[in-house]
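A structural walkthrough
Residue-level listing of the chains:
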Amino acid sequence: MDPLLDPALKIAEFLLRIKAVRLEPLKPFTWASGWLSPIYCDNRKILGHPVMRTYIRQQFVEAINREFGKPDMIVGVATGGIAHGVLVAQEMGLPFAYVRSSVKGHGMKNTVEGDLTQGRNAVVVEDLVSTGKSSLTAVASLREAGIEVKGMVSIFTYGLKEATEAFGKAKVRLHALTNYNILLQQAIADGYITEKDLAPLKKWREDPANWAGAGGAAGNGAPARKATTEKPAK
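Now for a look at the structure at hand.

1. Details of the pairing of strand β8 (residues 121-129)
Of all 9 residues in β8, 9 are buried; the element is thus mostly enclosed. Here strand β5 (residues 73-77) pairs with β8 via 4 bridges, running parallel. Residue pairing for β8: Ile-74 is matched across the bridge by Val-123. Direction of pairing for β8 relative to strand β9 (residues 148-157): parallel, over a ladder of 8 bridges. Directly across from Ala-122, in β9, lies its bridge partner Val-149. Taken together, β8, helix α4 (residues 133-144) and β9 form a β-α-β motif whose crossover is right-handed.

Encoded structure:
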């Protein structure tokens, strides 16, 4: 077995078990953008589970050392990447900073918070990457501040084509601990979904902006559920 696959499957299994990720192809969620989605992801739930929180921290540290080499500092992306970034920085004995989701409206009006004199390069920590927009906005803010971004790590990525192209254009390497394909593999193995669910789930990933549900506008007539915390901008 691929030595990287086992941890990815383990994390996927855990995300499904605590319902940090939910798959509902017949009762899709509505993202804040208005997109219909058969998947809902809230990785903040991980923080309430110390054993898996620790495991993810360890996997982040291993991935950073293996993929990018030890950086001068760790930077989290608000808000989901902050807590995990702090844990990683503590484990690696590195300074920590974070990128705000918007410019601070008072005081120094910072976008990046922290002492940036402590290093000139960083690895960025995210909890989730969807389209890549907010993640790469954070990278741009760091570059504007004179910080070299060695790369980014995330707990989960949908692997959307839009994100892959955006990261390539921005010349940012992303390493996710687990991803959509692995999650579907684990979901079938554990009985969360069936083989017949795979077609609409894969179709969504091909064109999420225009996906109309597994059986039509909202999946066999079932009303879509709002999931305003799930924003396709990361």
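2. Regarding the packing of helix α2 (residues 50-67) against helix α3 (residues 80-92)
Here α2 crosses α3 at 65 degrees, and the two axes come no closer than 9 Å. Relative to α3, the crossing made by α2 is right-handed. Contact with α2, carried on its side by Arg-53, Ile-56, Arg-57, Phe-60, Val-61, Ile-64 and Asn-65, involves His-84, Leu-87, Val-88, Glu-91 and Met-92 of α3 and no other residues of that element. The class makeup of the residues in the contact of α2 with α3 is 7 nonpolar, 2 polar and 3 charged.

3. Quick notes on the packing of aromatic side chains
Summed over the entire model, instances satisfying the criterion amount to 8 aromatic pairs. Plain terms: the ring middles of Trp-31 and Trp-204 are 5.8 Å apart, the flat faces sit at 85 degrees to each other, and that makes the pair edge-to-face. Taken together, the positions of Trp-31 in the loop between β2 (29-30) and β3 (36-37) and Trp-204 in helix α7 (residues 198-206) put the pair 173 residues apart, joining distant regions of the chain. Classification of Trp-31 by relative accessible area gives buried; the value is 2%. Judged by relative accessible area, which is 0%, Trp-204 ranks as buried. Among the aromatic residues, ring-to-ring pairing joins Trp-31, Trp-35, Phe-156, Tyr-158, Tyr-180 and Trp-204 into one connected group.

4. Brief notes about the environment of Leu-47
If you trace the backbone, Leu-47 turns up in the loop between β4 (39-41) and α2. Separated by 36 residues in the primary sequence, Leu-47 and Ala-83 have C-alpha atoms spaced 8.1 Å apart. When residues no more than four places from it in sequence are discounted, the contact partners of Leu-47 are Arg-53, Ala-83 and His-84.

5. Details of the environment of Thr-117
Among the secondary structure elements, Thr-117 is positioned in the loop between β7 (112-113) and β8. Looking at Thr-117, its side chain comes within polar contact range of the side chain of Asp-115, at 2.5 Å.

Cut-offs and rules
Residues numbered from 1 in each chain as written. Predicted model: local features only at pLDDT ≥ 70, side-chain atom pairs only at ≥ 80, totals over all residues. Heavy atoms only, no water. Buried < 20%, exposed > 50% of the residue type's maximum accessible area, 1.4 Å probe, protein only. Helix = DSSP H or I, 4+ residues; strand = E, 2+ residues; numbered from the N terminus. Pairing = 2+ DSSP bridges. Right-handed = clockwise from strand over helix to strand, strands pointing away. Axes fitted to C-alpha atoms, helices over the stretch in contact; angles between N-to-C directions. Left-handed = near helix turned anticlockwise from the far one by under 90°. Contact = heavy atoms within 4.5 Å. Nonpolar A, V, L, I, M, F, W, Y, C, P; charged D, E, K, R; others polar. Phe/Tyr/Trp six-rings, centres within 6.5 Å; stacked < 30°, edge-to-face > 60°. Polar contact = N/O pair within 3.5 Å; in protein donor to acceptor, adjacent residues only side chain to side chain.

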